[in-house]
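Summary of the model geometry
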Amino acid sequence: MISKTDQPARVRFAPSPTGHTHLGSGRTALYDYLLARQTGGQFILRIEDSDQKRYVEGAEQELMDSLRWLGLEWDEGPDKGGPYGPYRQSERKEIYQQYAWELVERGSAYPCFCSADRLAELRQEQQSRRETGRYDGRCRRIPPAEAAARVADGEPHVIRFKMPHEGSITVNDYVRGEITVENANLDDYILVRSDGLALYHLAAMVDDHLMKISHVIRGSEWLPTFPLHVHILRALGLQEPVFVHLSVFLKPSGKGKMSKRETAALMQDGYSIFIKDLKELGYTPEGVLNWIALMGWSYDDHTEFFTLADLVDKFSLERLNPAPAAINFTKLDHFNGLHIRSLSDEEIARRVQPFFEIAGYATSQDKLLRIAPLIRERMVTLDDAVPMAGFFFKDQVMPAAQELVGKNMTPAESLRAVQRTYHLLAGLRDFSHESAEGPLRELADELGIKAGQLFGILRVAVTGQIVSPPLLESMAILGRDVVLDRLQVAARMLEDNIES
Ligand code: GLU
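Now for a quick tour of the structure. Sequence order as written defines residue numbering, which begins from 1 separately in each chain. Only residues with pLDDT of 70 or above have their local features reported here, since the model is predicted, and side-chain atom pairs are shown and tallied only from 80 upward, although totals for entire chains, interfaces and linings are computed over all residues. Values reported for side chains reflect all heavy atoms of the structure, with hydrogen atoms and water molecules removed beforehand.

**Points about the overall build of the protein chain**
Secondary structure elements follow DSSP: runs of H or I of four or more residues count as helices, runs of E of two or more count as strands, with numbering from the N terminus. In terms of regular secondary structure, the protein chain is built from 20 helices and 11 strands. In terms of overall size, the protein chain is more extended than a compact globule, its C-alpha atoms giving a radius of gyration of 32 Å where 500 residues would be expected to give roughly 23 Å. Along the longest, intermediate and shortest principal axes, the C-alpha atoms of the protein chain span 105 × 50 × 35 Å. A burial count over the protein chain gives 50% of its 500 residues as buried. About 23,800 Å² of surface is accessible on the protein chain, with carbon and sulfur atoms providing 50% of the total. The globule rule is 2.2 Å times the number of residues to the power 0.38, and the radius of gyration it is compared with is taken over C-alpha atoms. Only protein chains enter the accessibility calculation, which uses a 1.4 Å probe; a residue whose area is less than 20% of its type maximum is buried, one above 50% is exposed, and one in between is partly exposed. Computed by Shrake-Rupley with a 1.4 Å probe, the accessible areas treat only the displayed protein chains as cover when residues are assessed.

The structure is reproduced here in structure tokens:
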């Protein structure tokens, strides 16, 4: 078994570009990356795009963007090449053909000429007898020379694996251990379709061999055909990589997998299982990585904060857990908040800026850098910065007149408090948090109100919000002119309120 100190691992992430990149893919890629980096090996990106019917335009780009956003850079791949390319299966068609015919020559595969109609009929008969649908082996009995002649004549055919009828096969999954299956329960699976394109079963095994892959880390949806894969490798006399099948993700309730409808509905709650959405929702790559790393793996029973560098250091295949993992978005929020708080102010300023832009605010890095310490503790997602700190970038704030009235105070008393504050701040020698605090507290005393009552009114007047980052620090960032302007507007609103 391979562990940290062993040989450099060659690991591939082999997604099919059939839709949005989801967290399951992110997790597989992460584990691939960790094993490669930890052993000083290579992380390879291979695009499994041989099924043209399921191909989705743009999906490959999204995959690459998502991996790069997460910080999982590959060493070899379709965009950067490498010694074992091409790295897109659609460009490797001839290679699979060659291996398919080698299997035929070795007596482990055969061309099948059955029409789609015949197969449909067969399936129906089997269904009516309540049997599992499988190929009945008719073309398996055609003498090889005759079959070869029919193929040479151009007769449409697929290539099927000639599954032994007797005996059993024992395969080894790194996480689950040995699994033994009766060959009689396996089918004569199709390896190459009638259009000449190889299916995953053959293509992936051939590629893993030619690309010198040492560990195949993939989803557990491949467990049912895992015995077929090992049959193929053995029939070709190829070395078997270490197979690692990861746990499945269940919906947050833990009951079953997420449906398409549930996935779409999630966005309304500000969550998603797609990496690109998580980015747009204000999650950080650090938070997402930490979260997915722990869906199916643990370091011990208490450590939960990991950076990518920590994970490279601490990850081990031994601690993978095969039990299905329920997706827990509360944990995502938790990790995201932790990672935001561990970023520098510069980094927070840089990362929140695009969210302000999307919301239509013109910001500056200078100002954001001063705001970052005021909001960092409160943010769960990066876009939280906008409702928290948008008032810094507005020309005017529009408080509701009612909110300008202090707690247990009349509008007239509140107006007086605003006016007195205006004069106090206008007359300060310098305008800072420290210079304003003492005099404002004294003012509250003089007015016979609590400091909290006064600050409550000022908060609404200056920020337009009932809840805001620390008030005095915020006022210092806004600057005296803006604060005085806003106090004046507030005073006017209170006056109107009293008159009407
Ligand atoms: N193309 C397969 C998928 O996306 C890859 C499985 C594997 O990693 O071998 O499910």
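**What to know about the packing of helix α16 (residues 411-427) against helix α18 (residues 451-463)**
Every angle, taken between N-to-C directions, lies between 0 and 180 degrees, and every axis is a line fitted to C-alpha atoms, over only the stretch in contact when it is a helix. At a minimum axis distance of 10 Å, the contact between α16 and α18 shows a crossing angle of 80 degrees. It follows from the interaxial angle that α16 and α18 lie roughly perpendicular. Judged by residue contacts, Ser 414, Ala 417, Val 418 and Thr 421 of α16 engage Leu 454, Ile 457 and Leu 458 from α18. Under this scheme an angle from 65 to 115 degrees is roughly perpendicular, one under 35 degrees roughly parallel, and one over 145 degrees roughly antiparallel; angles in between are oblique. For this analysis, residues touch if any pair of their heavy atoms sits within 4.5 Å.

**Concerning unusual backbone geometry**
Glycine aside, residues mostly have negative phi angles, and peptide bonds mostly take the trans form. Of note, the amide linkage connecting Gly 85 to Pro 86 takes the cis form, showing an omega dihedral of 0 degrees. Assignment of secondary structure puts Pro 86 in the loop between α2 (59-70) and α3 (93-105). Positive phi, normally seen in glycine, also occurs at Lys 212, with a value near 55 degrees. By secondary structure assignment, the location of Lys 212 is in the loop between α6 (200-210) and β8 (215-219). Phi at Asn 408 is positive, roughly 55 degrees, even though this residue is not glycine. Its location among the elements puts Asn 408 in the loop between α15 (385-389) and α16.

**Some points on the side chain of Arg 118**
Among the secondary structure elements, Arg 118 is positioned in helix α4 (residues 116-128). When near neighbours in sequence (up to four residues on either side) are disregarded, Arg 118 contacts Tyr 135, Asp 136 and Arg 138.

**Details of α6**
Three or four residues apart is the spacing at which side chains of an α-helix point the same way, because the helix has 3.6 residues per turn. Here α6 lies mainly inside the structure; 9 of its 11 residues are buried. For α6, the full list of buried residues reads Tyr 200, His 201, Leu 202, Ala 203, Ala 204, Met 205, Val 206, Asp 207 and Asp 208. Buried positions along α6 lie against β1 (10-13), α3, β7 (190-192), β8, α7 (226-235) and β9 (242-246). One or two steps after α6, the chain reaches Lys 212, where phi turns positive at roughly 55 degrees.

**Examining the layout of surface pockets**
Cavities and pockets are defined on a 1 Å grid built over the protein atoms alone: a cavity is a set of grid points where a 1.4 Å probe fits but cannot escape, while a pocket is an open set with protein on both sides within 12 Å along at least five of seven lines, and lining residues are those with an atom within 4 Å of any such point. Grid points are joined across faces, edges and corners, and a volume is the space filled by probe spheres set on the points. Estimated volume of the largest pocket: approximately 1,500 Å³. Secondary structure elements with two or more residues in the lining of the largest pocket: β1, α1 (23-39), α6, β8 and α8 (260-266). Ten residues, namely Ala, Val, Leu, Ile, Met, Phe, Trp, Tyr, Cys and Pro, are considered nonpolar, four, namely Asp, Glu, Lys and Arg, are considered charged, and the remaining ones, Gly among them, are considered polar. For the lining of the largest pocket, the residue count by class is 20 nonpolar, 17 polar and 10 charged.

**As for the side chain of Ser 247**
Tracing the backbone shows Ser 247 in the loop between β9 and β10 (249-250). Residues contacting Ser 247, with those up to four places away along its chain left out, are Arg 27, Arg 176, Ser 220, Met 295, Gly 296, Asn 321, Pro 322, Ala 323, Pro 324 and Ala 325.

**A word on helix α20 (residues 480-499)**
Here α20 contains 20 residues, and its C-alpha end-to-end distance of 28 Å stays within 8% of the 28 Å for a straight helix at 1.5 Å per residue. Every buried residue belonging to α20 is among Val 483, Leu 484, Arg 486, Leu 487, Ala 490, Ala 491 and Leu 494, and all of these are buried. Burial along α20 is one-sided: seen end-on, the buried residues are contained in an arc of 160 degrees. Seen from the open side of α20, the exposed residues pointing more than 90 degrees away from its buried face are Asp 481 and Glu 499. Of the surrounding secondary structure, the elements contacted by the buried residues of α20 are α16, α18 and α19 (471-478). Multiplying 1.5 Å by the residue count of a helix minus one yields the expected span of that helix. By construction, the arc corresponds to the directions joining the helix axis to the C-beta atoms.

**As for the pattern of salt bridges**
A carboxyl oxygen of Asp or Glu within 4 Å of a side-chain nitrogen of Lys or Arg is what we treat as a salt bridge. Following the criterion strictly, the structure yields 29 salt bridges and no others. Across the salt bridge formed by Asp 208 and Arg 46, the nearest N and O atoms sit 2.8 Å from each other. Separated by 162 residues along the polypeptide, Asp 208 in helix α6 and Arg 46 in the loop between β2 (42-45) and α2 bring together distant segments of the chain. Where Glu 446 meets Arg 420, a salt bridge forms, and the shortest distance between an N and an O atom there is 2.5 Å.

**Considering the packing of aromatic side chains**
Only centres within 6.5 Å qualify two rings of Phe, Tyr or Trp (six-membered ring in Trp) as a pair; their planes then separate them into stacked at under 30 degrees, edge-to-face at over 60, and tilted for everything else. This model, assessed by the stated rule, comprises 12 aromatic pairs. Aromatic side chains Trp 297 and Phe 315 sit 5.7 Å apart centroid to centroid with 40 degrees between the ring planes, which places their arrangement in the tilted category. Residue Trp 297 is located in the loop between α10 (285-293) and α11 (308-314), and its partner Phe 315 is located in the loop between α11 and β11 (325-326); the two are separated by 18 residues in the primary sequence. Across this residue pair, the class does not change: Trp 297 and Phe 315 are buried. In this analysis the charged atom, NZ for Lys or CZ for Arg, is taken to sit over a ring once it is within 6 Å of the ring centre and within 35 degrees of the ring normal. Positioned above the aromatic ring of Phe 113, the side-chain terminus of Arg 150 is 4.1 Å from the ring centre. Across from the ring centre of Tyr 299, 5.5 Å away, lies the NZ or CZ of Lys 314, which sits over that ring.

**A closer look at the site of the ligand**
One heavy atom within 4 Å of a molecule or strand makes the whole residue count as near it. As a structural note, the neighbourhood of the ligand is formed by Arg 12, Ala 14, Pro 15, Ser 16, Glu 48, Tyr 200, Arg 218 and Trp 222. Separating an oxygen atom of the ligand from a side-chain N or O atom of Arg 12 is a distance of 2.6 Å. Between N or O atoms, a polar contact is any pair within 3.5 Å; within protein, one atom must be a potential hydrogen donor and the other a potential acceptor, and residues adjacent in sequence are included only when both atoms are from side chains. Contact between the ligand and Glu 48: a nitrogen atom at 2.6 Å from a side-chain N or O atom of the residue. Calculation on the ligand without its partners gives an accessible area of 300 Å², and the protein chains cover 83% of this total. More than half of a molecule's atoms lying within 2 Å of a cavity's or pocket's grid points is what places that molecule inside it. Comparing atom positions with the cavity grids shows the ligand to sit within the largest pocket.

**Overview of the pairing of β2**
A regular strand places its side chains so that they alternate between the two faces of the sheet. Strand pairing is defined by DSSP finding a minimum of two bridges between the two strands. In this sheet, β2 lies alongside β1 in parallel orientation, the contact comprising 4 bridges. Paired with Arg 10 across the bridge in β2 is Gln 42. The parallel pair β1 and β2, bridged by α1, forms a crossover whose chirality is right-handed. Handedness of a crossover is defined as follows: orient the strands so they point away from the viewer, and if the path from the first strand over the helix to the second runs clockwise, the crossover is right-handed.

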